[in-house]
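# Observations on the model geometry
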Amino acid sequence: MAPAISSSTTLHSREEAKEMEQVEIDWENLGFGLTPTDYMYIMKCNKGDEFSEGHIVPYGNIELSPASVVLNYGQGLFEGLKAYRREDGKLILFRPDQNASRLQIGAERMCMPSPSVNQFIDAVKETVLANKRWIPPSGKGSLYIRPLLIGTGSSLGISPAPEYTFIIYASPVNKYFKEGSAPLSLYVEDEFDRASRGGVGCVKSITNYGQALRPLTRAKSRGFSDVLFLDSVTGKYIEEASAANVFVVKDKKICTAPTKGTILPGVTRSSIIEIARDHGYEVEERMVEIQELLSADEAFCTGTAVVVAPIGSVTYQGKRVEYEAGDNLVYKKLLSTYTGIQKGEIEDKKGWIVEINQSSS
Ligand SMILES: *Cc1c(COP(=O)(O)O)cnc(C)c1O
């Protein structure tokens, strides 16, 4: 937001230089890997101050003190959202204010200052425009945007960092799972937990993911698409997958775990709940027993990266349960409304779509 004049002029000339250039990407075979783009956004802030004067810089490595608090004590958060290129050429974001406010809530939990909602959205827009040529053609994926908020200042003892950095980088992506849109096979993890009571499962803290690597890689090596974590207190209730919320459908009733402490409040989750209620479905946010999942009619995952993905099977304590496929599944209706709003085919009555103005940033 701050360096409006200088950065938009430089951005303009950069855009002119890059506009004609094609990127060499096989859009047809794009998965969810990292494809580095041209630019990233950086904004710094000292403890006690506010974020200001962020700018676009060439994408590349950053320098960190070995004593930085993020490296030593995990003081860091991330976000994830997507920019889409519509058929008519418009560039849009989906509910970026939700990511901005979730980052603010997380920052409070992790003792960090955070950018304002407007600073966040403006920074995302600048990052997208600077990397415009990397946004996949309409229908071939999206530009995944990864904001990071990290304690870059140094401290030997455990304490909040004296300096913070807000970074945004981006990568063109398409399907998250190698299965594409085939149903997922989930492994119910009953040995390792994701989040515990009083912990940080409810925010996108970087500390939630390192410990998920072992169960996740183990499940993948056994041929599963993802793990499904259970609550850490009783091990009886389903929580979520490694980076996606989980929904269960029984007799046309939909339920999903409540966002009370250990569940990440997904933007896709809340959008799907709203869409489902608009369609007349009853949606319950409550503790869901693993047995309910095993006897459900249907189950699906939601997340920015996975979008809405059907679950084809769940394996729990050696027992595998399969769900029926079919055209009448609830997830299909919800998914088509969700993507219809993003594509502009369904009117956005909720103000979820934010267009990026391409003539002047
Ligand atoms: C990011 C994430 C989600 C999905 O959140 P969205 O806002 O829908 O992308 C769900 N669970 C976990 C653990 C996550 O990290």
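Residues numbered from 1 in each chain as written. Predicted model: local features only at pLDDT ≥ 70, side-chain atom pairs only at ≥ 80, totals over all residues. Heavy atoms only, no water.

## Some thoughts on the site of the ligand
Within the structure, the ligand sits among 15 residues, and K204, Y209, E240, T268 and T304 are positioned closest to it. Note that a nitrogen atom of the ligand is positioned 3.4 Å from one of the backbone N or O atoms of A244. At a separation of 2.7 Å, an oxygen atom of the ligand approaches a polar backbone atom of V267. Its residues assigned to classes, the shell around the ligand shows five nonpolar, six polar and four charged. (Near = heavy atom within 4 Å. Polar contact = N/O pair within 3.5 Å; in protein donor to acceptor, adjacent residues only side chain to side chain. Nonpolar A, V, L, I, M, F, W, Y, C, P; charged D, E, K, R; others polar.)

## Things to note about unusual backbone geometry
With a phi angle near 50°, D251 is a residue other than glycine that sits in the positive phi range. Position of D251 relative to the elements: it lies in the loop between strand 11 (245-250) and strand 12 (253-256). Judged by relative accessible area, D251 falls into the exposed class, the value being 61%. If you check the backbone angles, Q317 has positive phi at about 50° while not being a glycine. Within the fold, Q317 resides in the loop between strand 15 (307-316) and strand 16 (319-322). On the basis of relative accessibility, which here comes to 57%, the residue Q317 falls in the exposed class. (Helix = DSSP H or I, 4+ residues; strand = E, 2+ residues; numbered from the N terminus. Buried < 20%, exposed > 50% of the residue type's maximum accessible area, 1.4 Å probe, protein only.)

## Digging into the nonpolar core
Judged by nonpolar contacts, the single largest core of 41 residues is most densely connected at L77, F120, V124, V128, I145, L149 and F166. Among the elements of the structure, strand 1 (39-46), strand 4 (81-85), strand 5 (91-94), helix 3 (96-109), helix 4 (117-130), strand 6 (142-151) and strand 7 (163-173) are those that each provide at least two residues to this core. Of the residues forming this core, the biggest block, seven residues, is contributed by helix 4. In this structure, V124 is in contact with L81, L93, I145 and I168, ignoring residues within four places of it in sequence. Judged by nonpolar contacts, the second largest core, of 26 residues, contains V248, A296, A299 and Y316. (Core = buried A, V, L, I, M, F, W, Y, C linked by side-chain atoms within 4.5 Å. Contact = heavy atoms within 4.5 Å.)

## Examining the environment of L64
When you line up the elements, L64 lands in the loop between strand 2 (52-58) and helix 2 (69-73). L64 sits in the partly exposed class, given a relative accessible area of 29%. For the pair formed by L64 and T152, sequence separation is 88 residues and the distance between their alpha carbons is 6.6 Å. Apart from the residues within four sequence positions on either side, L64 is in contact with V70, L71 and T152.

## Description of the pairing of strand 9 (residues 226-230)
With five of its five residues buried, strand 9 lies for the most part within the structure. Burial along strand 9 is two-sided: the residues D226, L228 and L230 and V227 and F229 are all buried. In this structure, strand 8 (residues 184-189) lies alongside strand 9, joined through four bridges in parallel fashion. Bridge pairing in strand 9 places V188 opposite L228. As for the winding sense of the linkage, the β-α-β connection from strand 8 through helix 5 (residues 213-221) to strand 9 is right-handed. Bridging between strand 9 and strand 10 (residues 238-241) involves two bridges; their strand directions are antiparallel. Considered in strand 10, the bridge of L228 is made with A241. (Pairing = 2+ DSSP bridges. Right-handed = clockwise from strand over helix to strand, strands pointing away.)

## Overview of the domain arrangement of the protein chain
Each domain of the protein chain was delimited in the assignment, giving domain 1 (7-174) and domain 2 (184-343). Each of domain 1 and domain 2 has a C-alpha centre, and the two are 26 Å apart. Taken residue by residue, the interface counts 23 residues in domain 1 and 23 residues in domain 2. Among the residues of domain 1 in contact with domain 2, F78, F94 and R102 are the three that bury the most area, contributing 34% of the side total. Taken together, domain 1 and domain 2 are joined by zero salt bridges. Looking at the side of domain 1 that touches domain 2, the element that brings in the most residues is helix 3, giving six residues. A per-class count over the side of domain 1 that touches domain 2 returns 11 nonpolar, six polar and six charged. (Domains from an automatic or database assignment. Buried area = accessible area lost by both parts, 1.4 Å probe. Salt bridge = Lys/Arg side-chain N within 4 Å of Asp/Glu carboxyl O.)

## Structural notes on the packing of aromatic side chains
This structure, assessed with the given rule, holds 10 aromatic pairs. Between Y41 and F166 the ring centres are 6.4 Å apart and the planes differ by 75°, which places this aromatic pair in the edge-to-face class. With a gap of 125 residues between them, Y41 in strand 1 and F166 in strand 7 connect regions that are remote in the sequence. Among the residues examined, Y41 registers a relative accessible area of 0% and is labelled buried. For F166, a relative accessible area of 0% puts it in the buried group. Each residue in the set Y41, F51, F120 and F166 is aromatic and connected to the rest through ring pairs, giving one cluster. The side chain of R222 reaches across the aromatic face of Y187, ending 5.7 Å from its centre. (Phe/Tyr/Trp six-rings, centres within 6.5 Å; stacked < 30°, edge-to-face > 60°. Lys NZ or Arg CZ within 6 Å of the ring centre and 35° of its normal.)

## Quick look at the pairing of strand 11
Burial analysis of strand 11 places five of its six residues in the buried class, the great majority of the element. Pairing geometry for strand 11 and strand 14 (residues 298-303), over five bridges, is antiparallel. Looking across to strand 14, one finds that V246 is bridged to C301. The sheet contact formed by strand 11 and strand 12 spans four bridges and is antiparallel. Bridging from a neighbouring strand, K250 pairs with K253 of strand 12.

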